[in-house]
Amino acid sequence: MTNLSVNFCGVNFKNPVVSVSGTFNFGLEYGMYFDLNQLGGITVKGLTLKPRLGNPPPRIAETPCGILNSIGLQNPGVEAFLKNELPMIRKYNTNIIANIAGNTIEEYCEMAKILSESGVDLIEMNISCPNVKEGGVHFGTDPKMVAKITSKVKKYCKKPLIVKLSPNVSDIKAIAKAAEENGADALSLINTILGMRIDINTKRPILRNNVGGLSGPAIKPVAVRMVYEAKQSVSIPIIGMGGIMCGDDAVEFMLAGATLVGVGTASFINPTACVDVIDGIKKYMEKHNINDVNSLTGGVIAY
Amino acid sequence: MLKKAHITKLIKKEEIAKDTFDFYVEAPQIAKAASPGQFIHVKCGDGTFLRRPISICDTEGDILRFIFQIRGKGTAELAQKEVGDYIDILGPLGQGFKIKDKKAFLVGGGIGIYPLLMLAKKLKDPKIFLGFRTKDLVTLEEDFKKWGQVIISTDDGSYGRKGFSIDAVKEMIDECEIIYACGPIPMLKALKNLAEDRGIECQISLEQRMGCGVGACLSCVCKTVRGYDKICQRGPVFDSSEVIFDD
Ligand SMILES: Cc1cc2nc3c(=O)[nH]c(=O)nc-3n(C[C@H](O)[C@H](O)[C@H](O)COP(=O)(O)O)c2cc1C
Ligand code: FES
């Protein structure tokens, strides 16, 4: 019998695969393509305290093996989420991770407070969105700032607090450590890497926002390295993400140190990517006679 | 029943104008479910990462027909497919035209004419205005003629009327109770204004760069009276009165 279930911050996940924020809306769209009950968890679209319009289009550009996006956190706001969206996805037997972003530390605290009283299972604090002017990534690039925001939000957060880290930093270990020391229950990484594309005929950027966040297989080696480095410096569990397209990719992240794995951009190409990743992990385990998926985490035999 | 990506077989392929390809694929489930104005999301090949949205041109039995112009890497790769090859397609997607029992004008510009063919078949004697840059790009005239009166304009006057379709539409507007349109933004904008002046209904099909194609990523938005709406899910066809064209 292969065991796929994972205990993450005291919450039981039936398998280590979650959808990542921003690529899965509030779940129902991909619920038309597979049974959402199969997922370890669903991370919902990034929420802000008030509804947010997002950036003007075009918001997406293709790159070699990936995409750039500049959505800019378009969402209906946390109250509308609780009223209209959460009741719909709560019907499924899977964990719900609320992803939050704010302009100020106070907004993060307010949202953590509101969501702590709700039916979500975990809260992921996004301090790494490259597509908004204030807040976002600005909170996630300096260890002192990460320490400050994490300790404040932790006071209001009654659910396990996951801090989502930006790859747009020079020392991920210092950032990871700052989050852990100030109360983070877990880390997730990586968010997108800041990038740009220019149409050489019009000399205009493809994205209306000029720059955007790179995701997909193009960023996978960077993400694996960052999960590996973060794992070296903290003992809290990690959700690894960035370019996972199949089970083998997910296993790579787990070996680097991830306890859970997130599937994002892959769904755009293959709407059943999340469940195909679960199957792929299972196949890998059978092939290598591994009984417990937990034994993969941090299993890399580094030189 | 759960939706899925369909592996379809290319059974007929024709280059109907320079860099413009007419594909017929065997896709029973998509063909049966499709309605005019909906689109498909196509995996063009291994050389491009994202799928490409292409509007549905027509269906007949198990056959799905779509026409596309080479406009970038994805469509260039798709054009390489040969009869007998397989193509991975998601669809039908989005909300198509809402068919009303009214005297209809169909207005298409450039590659925007293709989604109107299936619509023309479902309407009673529509007037069909097709606009092209020049004679060499005129396509599907015979197909459309089966379903209504066709008025062709070319920008340079090399075929049909000289000028834009909108001018022909304006001349005959007294006979119009509803407009269905797809094409370049300036054309849609002009039709929106015309429809508003005349107090007639106008449905327009919009395009945008897409990611998921199913409403999950918020890449494909257009500005409407509600804020930014997802073209892939709430559209691609919108009532022109909802859409806000800035600049
Ligand atoms: C279209 C899009 C929207 C995203 N929106 C969010 C968001 O709202 N909040 C967030 O924390 N991350 C967001 N992300 C980042 C992803 O959650 C993830 O960290 C990143 O895409 C790497 O994973 P992937 O390569 O599997 O997509 C978004 C990514 C994409 C592509
Ligand atoms: S393309 Fe993803 S929401 Fe429309």
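Quick caveat: nothing in here was measured; it's all calculated off a predicted structure.

Scanning chain B from N- to C-terminus turns up six helices and 16 strands. Relative to the 2.2 N^0.38 estimate, which gives 18 Å for 247 residues, the radius of gyration of chain B is 17 Å and therefore close to what a compact globule would have. Oriented by its inertia axes, the alpha-carbon framework of chain B measures out at about 50 × 40 × 35 Å. Of all 247 residues assigned to chain B, the portion counted as buried reaches 57%.

This paragraph deals with the state of the cysteines. Tallied over the entire structure, the rule returns zero disulfides over all chains. Of all cysteine sulfurs, the one in A:Cys65 lies closest to B:Cys44, which takes part in no disulfide; the gap is 15 Å. Given a relative accessible area of 1%, B:Cys44 falls into the buried group.

Let us now look at the packing of helix H2 (residues 105-116) of chain A against helix H3 (residues 143-156) of chain A. Residue and element names in this part refer to chain A. The N-to-C vectors of H2 and H3 enclose an angle of 30°; their axes lie 8 Å apart at closest approach. One way to sum up the angle between H2 and H3 is to call them roughly parallel. Crossing of H2 against H3: the hand is right-handed. For the pair formed by H2 and H3, the contact residues are Ile105, Tyr108, Cys109, Ala112, Lys113 and Ser116 on the first element and Met145, Lys148, Ile149, Lys152, Val153 and Tyr156 on the second. Considered class by class, the residues forming the contact of H2 with H3 number eight nonpolar, one polar and three charged.

Turning our attention to the sheet that holds strand E9 (residues 161-164) of chain A. Residues and elements named next belong to chain A. Here we have eight strands rolled up into a closed barrel, ordered E3-E4-E7-E8-E9-E10-E15-E16, and parallel in their pairing. The average undirected angle you get between the axes of adjacent strands in this sheet is 25°. Summarising the sheet, strand E4 (residues 41-43) and strand E7 (residues 95-100) pair through three bridges and their orientation is parallel. Paired with isoleucine 42 across the two strands is isoleucine 96, which belongs to E7. Packing against the sheet, H3 makes contact with strand E8 (122-126) and E9, and its axis sits at approximately 155° to E9.

A few words on helix H5 (residues 165-172) of chain B. Residues and elements named next belong to chain B. Buried within H5 we find Ser165, Ile166, Ala168, Val169 and Met172. Seen end-on, H5 carries its buried residues on one side only, within an arc spanning 160°. Residues of H5 that are buried in the fold lie against strand E8 (104-109), strand E9 (127-132), strand E10 (149-154), strand E11 (161-162) and helix H6 (185-198).

Let us look at the pattern of salt bridges. It is possible for side chains of opposite charge to pair when their charged atoms get near one another. Applying the stated criterion across every chain yields a total of 29 salt bridges over all chains. Its salt-bridge partner being A:Lys220, residue A:Glu252 comes within 3.0 Å of it at the nearest N-O pair. Residue A:Glu252 is located in helix H6 (residues 247-256), and its partner A:Lys220 is located in helix H5 (residues 220-233); the two are separated by 32 residues in the primary sequence. Note on A:Glu252: relative accessible area 35%, which makes it partly exposed. Between B:Asp88 and B:Arg51 there is a salt bridge, with its nearest N and O atoms 3.0 Å apart. Taken together, the positions of B:Asp88 in strand E7 (residues 86-93) and B:Arg51 in the loop between strand E3 (39-43) and strand E4 (52-55) put the pair 37 residues apart, joining distant regions of the chain. Note on B:Asp88: relative accessible area 22%, which makes it partly exposed.

The subject of this paragraph is the site of ligand 1. Residues and elements named next belong to chain A. What surrounds ligand 1 is a group of 23 residues, the closest being Ser21, Lys164, Gly216, Gly243 and Thr265. Within the contact set of ligand 1, an oxygen atom lies 2.7 Å away from a side-chain nitrogen or oxygen of lysine 164. Against a free-state accessible area of 600 Å², the protein chains account for coverage of 98% of ligand 1. Of the residues that constitute the shell around ligand 1, the class distribution is six nonpolar, 15 polar and two charged.

Let us look at the packing of aromatic side chains. Within this structure, the stated rule accounts for twelve aromatic pairs over all chains. An angle of 25° between the planes, with centres 5.9 Å apart, marks the rings of B:Phe21 and B:Phe68 as stacked. One end of the pair, B:Phe21, is in strand E2 (residues 20-26); the other, B:Phe68, is in strand E6 (residues 63-69), and 47 residues separate them in sequence. With a centroid separation of 5.7 Å and an interplanar angle of 55°, the aromatic rings of B:Phe23 and B:Phe66 are classed as tilted. Taken together, the residues B:Phe23 in strand E2 and B:Phe66 in strand E6 connect sequence positions 43 residues apart. Here a set of aromatic residues connected by ring pairs shows up, and it is made of A:Phe24, A:Tyr30, A:Tyr33 and A:Phe34. One residue, A:Arg59, lies across the ring of B:Tyr228, its end atom 4.9 Å from the ring centre. Over the aromatic face of B:Tyr24 sits the side chain of B:Lys12, whose NZ or CZ is 4.4 Å from the ring centroid.

This part covers the interface of chain A and chain B. Opposite the 34 residues of chain A that make contact, chain B presents 27 residues. Of all residues in chain A, A:Tyr33, A:Glu62 and A:Ile269 bury the most surface against chain B, accounting for 26% of the area lost on that side. Our count for the contact surface shared by chain A and chain B stands at two salt bridges. With a shortest N-O distance of 2.8 Å, B:Arg52 and A:Glu62 are connected by a salt bridge. Secondary structure elements with two or more residues in the side of chain A that touches chain B: strand E5 (60-63), strand E6 (66-69) and helix H7 (266-269) of chain A.

The rules behind these values
- Residues numbered from 1 in each chain as written.
- Chains lettered and ligands numbered in written order.
- Predicted model: local features only at pLDDT ≥ 70, side-chain atom pairs only at ≥ 80, totals over all residues.
- Heavy atoms only, no water.
- Helix = DSSP H or I, 4+ residues; strand = E, 2+ residues; numbered from the N terminus.
- Rg over C-alpha atoms; globule rule 2.2 N^0.38 Å.
- Buried < 20%, exposed > 50% of the residue type's maximum accessible area, 1.4 Å probe, protein only.
- Disulfide = S-S within 2.5 Å.
- Axes fitted to C-alpha atoms, helices over the stretch in contact; angles between N-to-C directions.
- Parallel < 35°, antiparallel > 145°, perpendicular 65-115°, else oblique.
- Left-handed = near helix turned anticlockwise from the far one by under 90°.
- Contact = heavy atoms within 4.5 Å.
- Nonpolar A, V, L, I, M, F, W, Y, C, P; charged D, E, K, R; others polar.
- Pairing = 2+ DSSP bridges.
- Arc of directions from axis to C-beta.
- Salt bridge = Lys/Arg side-chain N within 4 Å of Asp/Glu carboxyl O.
- Near = heavy atom within 4 Å.
- Polar contact = N/O pair within 3.5 Å; in protein donor to acceptor, adjacent residues only side chain to side chain.
- Areas by Shrake-Rupley, 256 points an atom, 1.4 Å probe, with all protein chains shown as cover.
- Phe/Tyr/Trp six-rings, centres within 6.5 Å; stacked < 30°, edge-to-face > 60°.
- Lys NZ or Arg CZ within 6 Å of the ring centre and 35° of its normal.
- Buried area = accessible area lost by both parts, 1.4 Å probe.

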